[in-house]
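# Fold and contact review
Now for the letters of each chain:
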Amino acid sequence: MTTDHTGGESEPAETRQDRFDRGMEVLGRVDGEGGRNVIDSLADVSPELGHQVVAWAFGEIYDRPGLAPRDRQLVTLGILTALGGCEPQLDVHVNAALNVGLTPEEIVEALLHAAVYCGMPRALNATFAAKRVFAARGLLPVPSA
């Protein structure tokens, strides 16, 4: 405990390591091994980027209470689809979407919906990324809606 400006006690300030540790817990829960692999792959080129992904993106933003993890993954899938060229990240986040309770049918529907706003080529690329993940997890064929 520390003393705050009013003379009362307050919680100690959160450290860089605290944020990283919380982020690793969230990353493991959401992305599992895929997320850890991304962070590990940065160790020899930009360990600071890996730290920021864990501490800030997962420890600060992803862990906020305002959206459920499944809703965060729907937003993430839509954004990565719209950006285009993010297929390696789509692989990770399609896995994460499945990990937090989205079904393959919901993921496919979200990617189909994205086609209206970001175009067919990007929706196709995202769907093929999802297909790779579904195949690896034994989830093909995906039933039609």
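Before going into details, it helps to say that this report is about the structure given with it. (Residues numbered from 1 in each chain as written. Predicted model: local features only at pLDDT ≥ 70, side-chain atom pairs only at ≥ 80, totals over all residues. Heavy atoms only, no water.)

### So, the overall build of the protein
Let me state the cut-off plainly: Strands here are runs of E lasting at least two residues and helices are runs of H or I lasting at least four, both read from the DSSP assignment and numbered beginning at the N terminus. For each residue, the accessible area found with a 1.4 Å probe, counting protein chains only, is set against the maximum for its type, and the residue is called buried under 20%, exposed over 50%, and partly exposed in between. Note on contacts: a residue pair qualifies if any of its non-hydrogen atoms lie within 4.5 Å across the two residues. To measure how exposed things are, a 1.4 Å probe is used in the Shrake-Rupley method; for residues, cover is taken only from the protein chains shown. Here the positive residues are Lys and Arg and the negative ones are Asp and Glu; neither His nor the chain ends is included. Charge positions come from single atoms, namely NZ of Lys, CZ of Arg, CG of Asp or CD of Glu.
Scanning the protein for helices and strands turns up seven helices and two strands. Principal axes of the C-alpha set define a box for the protein whose edges measure 60 × 35 × 25 Å. Taken over 145 residues, the protein has a buried fraction of 30%. Across the protein, contacts joining residues at least 24 apart in sequence account for 62% of those joining residues at least 6 apart. Accessible surface computed for the protein: about 8,600 Å², of which carbon and sulfur atoms make up 59%. Side-chain charges in the protein split into 12 positive and 20 negative, and the spacing between the mean points of these groups amounts to 6 Å.

### A word on the nonpolar core
Going by this rule: Only buried Ala, Val, Leu, Ile, Met, Phe, Trp, Tyr and Cys residues count toward a nonpolar core, and they belong to the same one when joined by side-chain atoms within 4.5 Å.
In terms of nonpolar packing, the biggest core is built from 15 residues, with Leu77, Leu90, Val94, Ile107, Leu111, Ala130 and Phe134 touching the most fellow members. For this core, the secondary-structure elements that each account for two or more residues are helix H4 (69-83), helix H5 (87-99), helix H6 (104-118) and helix H7 (120-136). With five residues, the top contributor of residues to this core is H7. Not counting the four nearest positions on each side in its chain, Ile107 is found in contact with Leu77, Val94, Ala97, Leu98, Leu102, Ala130 and Phe134. With eleven residues, the next largest nonpolar core counts Leu27, Ile39, Val54 and Ala55 among its residues.

### Thoughts on the packing of H4 against H7
Two numbers describe a pair of packed helices, the interaxial angle and the distance between the axes. The criterion, for reference: Interaxial angles span 0 to 180 degrees and are taken between N-to-C directions of axes, which are lines fitted to C-alpha atoms, for helices over the stretch in contact. These descriptions rest on fixed angle ranges, namely under 35 degrees for roughly parallel, over 145 for roughly antiparallel, 65 to 115 for roughly perpendicular, and the rest for oblique. If you view the pair so one helix is near and one far, a crossing is left-handed when the near helix is turned anticlockwise from the far one by less than a right angle, and right-handed when it is turned clockwise. Amino acids are sorted into nonpolar (Ala, Val, Leu, Ile, Met, Phe, Trp, Tyr, Cys and Pro), charged (Asp, Glu, Lys and Arg) and polar (every other residue, Gly among them).
Interhelical geometry of H4 versus H7 gives an angle of 125° and a closest axis separation of 8 Å. When the axes of H4 and H7 are compared, the pair comes out oblique. The hand of the H4/H7 crossing is right-handed. Mapping the contact onto sequence places Thr81, Ala82 and Leu83 in H4 and Arg122, Ala123 and Ala126 in H7. When its residues are assigned to classes, the contact of H4 with H7 shows four nonpolar, one polar and one charged.

### Some points on the pattern of salt bridges
As a reminder of what qualifies: The rule for a salt bridge is simple: a side-chain nitrogen of Lys or Arg has to be within 4 Å of a carboxyl oxygen of Asp or Glu.
Scanning all chains against the criterion turns up nine salt bridges. Here Arg16 makes a salt bridge to Glu48, at a shortest N to O gap of 2.6 Å. Residue Arg16 is found in helix H1 (residues 16-30), and its partner Glu48 is found in helix H3 (residues 47-62); the two are separated by 32 residues along the sequence. Judged by relative accessible area, Arg16 falls into the partly exposed class, the value being 41%. Given a relative accessible area of 37%, Glu48 falls into the partly exposed group. The salt bridge partner of Arg22 is Asp63, with a shortest N-O separation of 3.7 Å. With Arg22 in helix H1 and Asp63 in the loop between H3 and H4, this pair connects stretches of sequence that are 41 residues apart.

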